[in-house]
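# Remarks on the overall topology
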Amino acid sequence: MELPGKLKTRRHSDASAVRESGIECLRILAMAMVLVLHADFAALGEPTASDFTAGAWNVILRCLLEQLALPAVNCFVLVSGWFSIRTSARGVCSLLFQVMYCALVALVVAVCLPGGQIDWKTALLSFMPGYYHWFIRSYLGLMILAPVLNAWIRQSTVKQLAVITAAFYIFQTVYGWVIGGDGFKGGYSLLSFIGLYLLGALARSLEWQRRGWRLWLPVYLLCAVAATVWQVLYLRHGLGLPFKSMLYDSPLTVLSALSLTLLFASLRFRSSAVNLIAGSALAVYLLHFSPFLLQRFLHVCRHIYKVYSGPMVLLMTALFLLAVFTASIIADQPRRLLWNHLWPKKKK
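### Regarding the overall build of the protein chain
Helix and strand counts for the protein chain stand at 17 helices and zero strands. Here the C-alpha atoms of the protein chain give a radius of gyration of 21 Å, agreeing with the 20 Å that 2.2 N^0.38 yields for 348 residues. Looking at the 348 residues of the protein chain, the share that counts as buried comes to 49%. A separation of at least 24 residues holds for 84% of the contacts in the protein chain among residues at least 6 apart in sequence. Accessible area for the protein chain stands at about 17500 Å²; split by element, carbon and sulfur atoms hold 68% of it. With 31 positive and 13 negative side-chain charges, the protein chain shows a separation of 9 Å between the mean positions of the two kinds.

### Examining the confidence of the model for the protein chain
Close inspection of predicted coordinates is inappropriate for parts of the model with low pLDDT. Scored by pLDDT, the protein chain has a mean of 91; 94% of the residues are at 70 or more. This stretch, residues 1-17, has a pLDDT under 50; its non-local contacts, to residues over four places away or in other chains, come to 30 contacts.

### Focus: a nonpolar patch on the surface
On the surface, Ile-170, Phe-171, Val-174, Tyr-175, Val-178 and Ile-179 cluster together into a nonpolar patch covering about 580 Å² of accessible area. Structurally, Val-178 is set in helix α10 (residues 158-178).

### What about empty space enclosed by the protein?
Enumeration over the complete set of coordinates arrives at two cavities of 30 Å³ or more. Quantified by volume, the largest cavity comes out at close to 70 Å³. Broken down by element, the residue count for the lining of the largest cavity peaks at four residues, all from helix α7 (residues 89-112). Taken together, the residues of the lining of the largest cavity break down into seven nonpolar, three polar and no charged.

### Remarks on the state of the cysteines
For the structure shown, the criterion picks out zero disulfides. Here Cys-75 is not cross-linked by a disulfide; its sulfur's nearest cysteine counterpart is in Cys-223, at 11 Å. For Cys-75, a relative accessible area of 1% translates into the label buried. Free cysteine: Cys-93, not disulfide-bonded; nearest cysteine sulfur from Cys-102 at 16 Å. Residue classification places Cys-93 among the partly exposed positions, given a relative accessible area of 30%.

### Here's the deal with the packing of helix α9 (residues 134-155) against helix α11 (residues 190-205)
The contact between α9 and α11 brings their axes to 9 Å, and the two run at 45°. By the angle class used here, α9 and α11 are oblique. In the crossing of α9 with α11, the sense of the turn from one axis to the other is right-handed. Two secondary-structure elements touch here, α9 through Trp-134, Phe-135, Ser-138, Tyr-139, Gly-141, Leu-142, Leu-145, Ala-146, Leu-149, Asn-150, Trp-152 and Ile-153 and α11 through Leu-190, Phe-193, Ile-194, Tyr-197, Leu-198 and Ala-201. Here the contact of α9 with α11 is composed, by residue class, of 15 nonpolar, three polar and no charged.

### Examining the environment of Met-31
Considering the arrangement of structural elements, one finds Met-31 in helix α2 (residues 21-39). For Met-31, a relative accessible area of 2% puts it in the buried group. Each C-alpha atom, one on Met-31 and one on Val-59, is 23 Å from the other, the two residues being 28 residues apart in sequence. Those residues in contact with Met-31, other than ones at most four positions away along the chain, are Phe-76, Ala-281, Leu-282, Val-284, Tyr-285 and Phe-325.

### With respect to the side chain of Ser-21
Within the secondary structure layout, Ser-21 lies in helix α2. Setting aside residues no more than four positions away along its own chain, Ser-21 makes contact with Phe-269, Arg-270, Ser-271, Val-274 and Asn-275.

### A closer look at the environment of Asp-51
Within the secondary structure, Asp-51 is located in helix α4 (residues 49-54). Judged by its relative accessible area of 35%, Asp-51 is partly exposed. Placed 213 residues apart in sequence, Asp-51 and Phe-264 show a C-alpha to C-alpha distance of 36 Å. When sequence neighbours within four positions are dropped, the list of residues in contact with Asp-51 reads Glu-46 and Val-59. A distance of 3.0 Å separates a polar side-chain atom of Asp-51 from the backbone nitrogen of Thr-48.

### Considerations on the packing of aromatic side chains
Going through the model one piece at a time under the given rule, you end up with 18 aromatic pairs. Each ring, one from Phe-76 and one from Phe-135, has its centre 6.2 Å from the other, and the planes form 70°; the classification is edge-to-face. Placement of Phe-76 in helix α6 (residues 72-83) and of Phe-135 in helix α9 is noted, with a sequence separation of 59 residues between them. Ring plane angle 75° and centroid distance 6.1 Å describe the contact between Phe-135 and Tyr-285, whose orientation is recorded as edge-to-face. Here Tyr-285 lies in helix α15 (residues 281-288) and Phe-135 lies in helix α9, a separation of 150 residues in the sequence. Assessed through its relative accessible area of 7%, Tyr-285 is described here as buried. Taken together, the ring pairs in this structure connect Phe-76, Trp-134, Phe-135, Tyr-139, Tyr-188, Phe-193, Tyr-248, Tyr-285 and Phe-289 into an aromatic cluster.

The rules behind each value
Residues numbered from 1 in each chain as written. Predicted model: local features only at pLDDT ≥ 70, side-chain atom pairs only at ≥ 80, totals over all residues. Heavy atoms only, no water. Helix = DSSP H or I, 4+ residues; strand = E, 2+ residues; numbered from the N terminus. Rg over C-alpha atoms; globule rule 2.2 N^0.38 Å. Buried < 20%, exposed > 50% of the residue type's maximum accessible area, 1.4 Å probe, protein only. Contact = heavy atoms within 4.5 Å. Areas by Shrake-Rupley, 256 points an atom, 1.4 Å probe, with all protein chains shown as cover. Lys, Arg positive; Asp, Glu negative; His and termini not counted. Charge placed at Lys NZ, Arg CZ, Asp CG, Glu CD. pLDDT = per-residue confidence, 0-100. Patch = residues over 30% accessible without salt bridge, like charges linked within 9 Å, V, L, I, M, F, W, Y side chains within 5 Å. Salt bridge = Lys/Arg side-chain N within 4 Å of Asp/Glu carboxyl O. 1 Å grid on protein atoms, 1.4 Å probe; cavity = no way out; pocket = protein on both sides within 12 Å on 5 of 7 lines; lining within 4 Å. Points joined across faces, edges and corners; volume = space filled by probe spheres on them. Nonpolar A, V, L, I, M, F, W, Y, C, P; charged D, E, K, R; others polar. Disulfide = S-S within 2.5 Å. Axes fitted to C-alpha atoms, helices over the stretch in contact; angles between N-to-C directions. Parallel < 35°, antiparallel > 145°, perpendicular 65-115°, else oblique. Left-handed = near helix turned anticlockwise from the far one by under 90°. Polar contact = N/O pair within 3.5 Å; in protein donor to acceptor, adjacent residues only side chain to side chain. Phe/Tyr/Trp six-rings, centres within 6.5 Å; stacked < 30°, edge-to-face > 60°.

Structure representation (structure tokens):
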């Protein structure tokens with residue numbers, strides 16, 4: 001493909017008119033994948049060599065599910081780079097308002113649940129955006145830097161963007177993933193978010209999504225299988241899980257997230273229902289990961305794993321995660337109505 005001279009400027013004069021439901025489906029799926037991550041290794045613990053000896057297929061399935069879901073966070077940031085963040089006072093305040101609203105909802109739910117004991121210092125800190133949510137801290141930083149990144153992307157050539165993005169990922173892979181240097185934190189950082197933002201912008205400018213799902217779906221599955229095989233080989237030889245296979249800055253995780261993003265970007269359709277659900281997807285993370293509700297979430301996942309066996313474990317866990325997802329989306333709707341009333345969008 002011949003590189004164009006300049007990157008096309010992405011104009012969103014009417015965001016509601018150009019929201020691509022294929023990408024919005026990815027937002028929904030990515031949030032469901034976050035629930036899977038927390039219901040698997042986070043709730044049940046990482047599989048050990050003894051677990052593998054006792055039940056190899058069970059461990060293999062758990063590792064595969066973890067790897068299939070691992071690109072979730074990276075996908076969110078890639079989508080931001082794909083469309084570019086239009087930083088504004090309303091946008092920043094909207095995110096802060098959603099964080100505080102969800103903190104209040106989680107607090108109310110925790111008080112109403114049996115045995116709910118509230119530490120009021122924790123309650124107050126939960127209203128500070130990003131105190132308990134590393135993703136919010138990093139994403140707020142990305143929103144602050146987005147105007148600078150967007151200005152450079154607009155004036156650069158695609159070749160320049162490709163060179164800088166490639167150089168960044170070589171740097172991150174060597175000093176972040178391999179060496180574990182400061183600043184990257186395994187991908188849990190603003191620095192890694194900046195790289196994903198540039199990669200999302202590059203992918204859209206080169207129109208990689210035009211290659212279609214026949215390419216990107218196999219790449220996504222291949223990355224997950226490769227990481228799973230890596231983990232299984234370690235467990236089979238009596239070793240613990242390779243820590244680097246579970247990091248967000250792993251090359252396999254980044255490639256997996258990129259392929260999944262391009263897969264959904266190739267789906268071109270509009271759906272108001274999909275866009276509505278996607279607009280509240282962040283609430284799923286904010287609510288179930290609240291310091292008041294996370295332990296209850298993990299406890300239910302562990303209980304299901306202990307009580308059921310075989311396919312019933314997957315079925316009951318899936319039903320529980322669906323219930324959490326649905327309840328979170330419903331709980332976020334008053335927030336959307338209230339925010340649009342407090343700070344309505346300017347009509348153009």
